[in-house]
Every structure is written in C-alpha cells, then in structure tokens.
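Residue strings, one per chain:
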Amino acid sequence: MSGAIVKRTPFFKILIANRGEIALRIMRTARRLGYGVVAVYSDADRDALHLREADQAVRIGEALPAQSYLKMDAIIAAAKASGAGAVHPGYGFLAENEDFAQGCRDAGLVFIGPSPEAILAMGNKACAKEIMQKAGVPCVPGYQGAERGDTAMLAEAKAIGFPVMIKAVAGGGGRGMRLVADAAAFPDALRSARSEAQGAFGDPTVILERAIVDPRHIEIQVFGDRYGNAIHLGERDCSVQRRHQKLIEEAPSPAVAPELRARMGAVAVQAVKAIGYEGAGTLEFLLDRAGNFYFMEMNTRLQVEHPVTEAITGLDLVELQLRVAGGEPLGLKQEDITFSGHAIEVRLCSEDAGHDFMPQSGTMARWQMPDGIRVEHALQSGSEIPPFYDSMIAKVISHGATRDEARGKLICALEQVTAFGVTTNQGFLIDCLRHPVFAKGEATTAFIGDNRDVLLAPRPDRSSDLALAALLLYVTNPHAPPWQRGRSLSATFPLGLRIDLGHGAQEIEIFRERDGSYVATRDGDRFSFEIDELDQDSIRFHHDGLMEQAKFLRDGDRLHILHRGVTLSARDLTLAPPESASAAGGDGKVRAAMNGRVVAVLVKAGDKVAAGQPVMTLEAMKMEHVHTAGVAGTVSSIDVAEGEQVTTGKIVVEIEAAA
C-alpha cells in the first residue's frame, strides 16, 4: 500500500438493509465505532427487536420479502430519508445483488460490500466459474451456457451425467439448489429450483454441476481493500448440512492441514486480487477424499458463520467491513493473521427435524439463552416468528483451546437453551455434536443423510418423559391440591391422563402417596418422584436416586419442558375428543403442513392421482415444500390459488378416494 493515495469515503450513519440477528450483530459493532444505525422493517416485523434497538426505523413494505426486504427503491429511499450515508446489506436478501449495490452508488450512498462489478463477476456463479477456470483454478464440471430452456437444460444434464446439481446463479444458503438423481426427476426439480430462486433472490436463473460424492465443504474467508491489498483468514468447514444448507460450521477444518490451507488460501487471494475485490468475501470449495479441491462459488458478502473466524483470529469482521468501506486500508498483512484454538457454530432453527426439517412459525412463549457463550439472536419471550423468512433464529458459538473443548462447551450451552412455543432443532444439533463421526472430525456433506436414522431415532426413555409430563400436568393443574413440602394428610386417587408428546396419545395414571411422593404408572411400569422445589417455571425433584431439575411452561392444555437438555412439548388430551386420522390425509383432504404461500398447484379438478403423488407446493421460510395426496382417487376440489397465503391445517386440495 506504500505510496498509494488514501481515498476515504466518510459516513456517520448506517442503514442496515436486513432483519433479525444479523441486523443486531451489525448494530453492535457500528455503535462501538461511533456510527448511528437505522433499521428497516416489514409489516411482519413491526414488533421485532432489531427495529426497537435502532436509532431510527423505517417501514419498507408488506410481509413477503418481494414486498419489503427485496424492494431496492424502498430501502434506498429509507436511507435517504433517515440521513444515512451508508447501507450494510447483511447476508441474504439483497446482499449479493449488483443492481442494489449500483443503486446505492447512484444515490450517493456507500454500499458496505464489494463493487457492483465485483458482485456481478463473482456473485454470479456462472461468471465466477469462468473467471476461475481462466485463472487455472480447478472447478466442478458443469454447464452455465446461455441456452437455459427446459429441453436444453435436460440435454446438458444428461451430457454431464447424473447425479447433477441444479444451482441458482444468485444468492446462496441452499436456496434454488436441487440434487437430481436421474432424468425422470429433472423437470420437476428444475421448475422448483427456479421458483425458489425467484422467490429468494428475484432471479430464477440456474446452472448445472456434476455432483461430487460425499465431499467436505470448505470455504476460505478473504478480505480486500480499494488499494489492491488482499488477505485470507483461514478456512471454515461447513460440511454438516441439510437441504444443502449449513447447520454446523467450524474453524479450522479437521481435514485441512497447514500446507493445504496455504494452497487454498493463496488461490483465494489470487482470485480476489485479480478483480480488485473490496470488502469481505468467501470462496467455497468441495474437498474430496483424495485432497483435491474444486471451486464452487464465491459469496460476495459476510457469511452467517463469520463468528467462528472471529473467534480464532481475534478480529471483528464487521469492523473490517466498515473500515474498508470508509476508505481505510486493510492494515493487515498475511503474516499478521494467526489462529488460536478451535471454534464451532450451530444454527438454531425453528424447524421440526423429525418431520423432514419442516419450518415452524408462531409465538416463542419463552426464550432464554445460556450465559458464558456467544449467542447471536433477535428474540425475546413473546416474540413472533413469521413464516416469511429464513428459519434460523439464533447462532450459538463456542471457542476452546481444542476442538473437543469447543464441542463440549457447545453441547452444554445447547442443553441450557430454553425455547418454548415453537419447535426447534435444538435436540438434533446436540445429537449431531455427540455423534462419533462428528466427534472424530470425519463428517462430510453426507453426514446427516448417512446417519439420519440414528440422529432422528426416537428417544429411548419415552416412558420416563411421559411420566415427567404427567407429574407436571398434575401439579400445575389449577384444580389440583397445591404442592407442599413433606407428607400429605391423605393419599389421592389415581388420575388417568391422556398425553401426546408428539407421537400420538398415551394413557398414564398419576397419584400422590401419603409420604408426599408422586407416582405415575403405565403398562405396569412405575415412576416415583419426590419434589424438592416447585416454582412457577421450574421444578427440582428426586427420581431413581438422582436429584434432577427441569424448566417448564404451562399454557392451557399444552406443556413445554426442558429436561436433560431436551425440549419436550406435551398436549393434555384427557378431556379432548378422540382425533381422527384426517391429519394424515386419510380422509382425502390435503392440509397445509405449515404457514406459507402457495407457489404451485400441480393438479386440477378431475385429475386422477395416486397416493403419494405431489399435488401442491408451499413456500415457507424461503424454502419450497411439496404436499402429496394421502389417498388414491380423483381430485374433487382445489381450495387455494397460486400466490395465496395459507395457515397450518388449511385444506388445500380435496380428493375423492377410489372405490
């Protein structure tokens, strides 16, 4: 940088063109550096924490991303109206949109990210691969040509050879990606990928790549400035994924030795220097078992998993972004970058892992995060989780001297997470971290698929869970005798309960004995509890010679429990009428499995359908979910239209069962 003229671009207030935890994360560093912060929000986020924490907040539209967080003109107008001099896009939404970066430039606003030219060159997966191929960087074989009609794309897929990967050219986060095993499945996958990419990024364009079997997903964090300086900050291993979306990230990678790190880092730095890249970026690679790496794409933005890099380098990546965007030189050379210890991040998502990771929305009745560990989130008790945006609701990050220490800290922290009211993947993440394959550092992108049965296996102590639920339902019933320490004047009669812990109604009896203990019985099994303390939201008790504790929340006929690091949700069905099998579609009615928007109706009235045949596609939390017929028969009614917003349980298609 010696001899270069410093070209500063001063700004004093930053508009954050995003929502949720990343908006709060950016605010934290911006405020520490003395900047004012402006939030934007949609109608769905009018009570969100990120807007209440900002100095100013501007409404930009309705709930759907296309009507709010993807509205470039509205966001730029909000920046001008608030007096902001710069815009930070966060990640997702418009973060990798060259038109938005150009719009900010044209409006006299500093875009905190790379130039529109760099986003166009590297943010578009097809262009990025061409640049890399010209630079001699190994790339995954594929097709990114100009002819993208259905017939041409199928022909190219056959030429590449199945399995192939369909990938959106814009954005990231697994949206618009489909792994296709054969030609028969290709047309539907192509339509779905295009639709999802359009909804998430406003661009339906896709490319094709050969699927590399069971690789590691390794990414290199890079930084550049406007003076031609560039460095890398090491790698992150993002191999643990579902639906091509990352769930667990760590740095450094257990599979990357110092020599390989140096080679991959040099390639990444060479690439960003070649295009004069400014700001934060990430080059993503697939690493095969033989140690060969292939460039996939570049994310021209801050990554969700940037905290693990911050943990091992001691750097604040948002601070570097702000300083570089303001015209300061990077101020770091490659030899200045050192790595300390190991860091692991997990993405806590509002989804049901046991039901194909179905996204969940609703009210988070109680929300408490663990102390002593980094957690990025934007929720509080009573927060509403809308169905329109990404399902990630928090990031939990641990750092330790060794990988085992970081893993142990993270497991302990996750066991303390209290998330009542909306189903999360908390228990699934704990099971992933405990799995021997992950513990040994051997997880590839096939980890969840290969170990799905084990990771999603029913808990072995369901009867014990049922007994604890019965105890809590009994002692929190407003009509039950109040608990008090010590002996009871008399024993109570057994009370029969019907409880659903998510696997159907179960019968159990519970009563209190003269010595003050409580006993639950089921199918000859007997569970005895002695309560030591009972508060409004927690219980301490003795069971099987152990003193244990649990947190809970009673909400009408629903009971939420955190016990031994696992969150349970129980329904008291004792006074409820028996449920029919209609929820499974056995009555011929297909019901929406979540709140979402209808993006495709795949049948019409009068069509003959087979059981399991796709009939409707619903988009929720920026992902598409296909709904299928529960019975074979004839479609008698279509009860929704494309573009309609529906709620969980709404009948969308009706089928008259075949005789």
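These notes cover the structure that comes with them. (Residues numbered from 1 in each chain as written. Predicted model: local features only at pLDDT ≥ 70, side-chain atom pairs only at ≥ 80, totals over all residues. Heavy atoms only, no water.)

**Looking at the overall build of the protein**
Then step 1. Each helix and strand counted, the protein has 17 helices and 39 strands in total.
Then step 2. Projected onto its principal axes, the C-alpha coordinates of the protein cover approximately 90 × 60 × 55 Å.
Then step 3. Here the protein holds 659 residues, and 54% of them are scored as buried.
Then step 4. In the protein, once contacts between residues fewer than 6 apart in sequence are set aside, the share between residues at least 24 apart is 62%.
Then step 5. Total accessible area computed for the protein in this model is approximately 27,000 Å², and 50% of it derives from carbon and sulfur atoms. (Helix = DSSP H or I, 4+ residues; strand = E, 2+ residues; numbered from the N terminus. Buried < 20%, exposed > 50% of the residue type's maximum accessible area, 1.4 Å probe, protein only. Contact = heavy atoms within 4.5 Å. Areas by Shrake-Rupley, 256 points an atom, 1.4 Å probe, with all protein chains shown as cover.)

**A look at unusual backbone geometry**
Then step 1. Residue proline 163 is reached from phenylalanine 162 by a cis peptide bond, and omega for that bond is 5 degrees.
Then step 2. Along the chain, proline 163 falls in the loop between α7 (150–160) and β7 (164–168).
Then step 3. Going from alanine 251 to proline 252, the amide bond is cis rather than trans, its omega being -5 degrees.
Then step 4. Phi angles above zero are rare outside glycine, and arginine 243 is one such case at about 55 degrees.
Then step 5. Residue position: arginine 243 is located in the loop between β11 (230–242) and β12 (245–251).

**Digging into the sheet that holds strand β38 (residues 645–646)**
Then step 1. Taken in spatial order, the four strands of this open sheet run β36-β35-β33-β38, and their pairing is antiparallel. This sheet does not close on itself; its edge strands, each paired only once, are β36 (623–628) and β38.
Then step 2. The pairing of strand β33 (residues 596–601) with strand β35 (residues 614–620) spans four bridges and is classified as antiparallel. Residue pairing in the sheet places valine 598 in a bridge with leucine 618 of β35. (Pairing = 2+ DSSP bridges.)

**Remarks on the pattern of salt bridges**
Then step 1. Tallied over the entire structure, the rule returns 46 salt bridges.
Then step 2. Linking aspartate 237 and arginine 216 is a salt bridge whose minimum nitrogen-to-oxygen distance equals 3.1 Å. Of the two residues, aspartate 237 is situated in strand β11 and arginine 216 in strand β10 (residues 216–224); the sequence distance between them amounts to 21 residues.
Then step 3. With a closest N to O distance of 2.9 Å, arginine 323 and glutamate 319 form a salt bridge. Taken together, the positions of arginine 323 and glutamate 319, both in helix α11 (residues 317–325) and four residues apart, correspond to about one turn of that helix. (Salt bridge = Lys/Arg side-chain N within 4 Å of Asp/Glu carboxyl O.)

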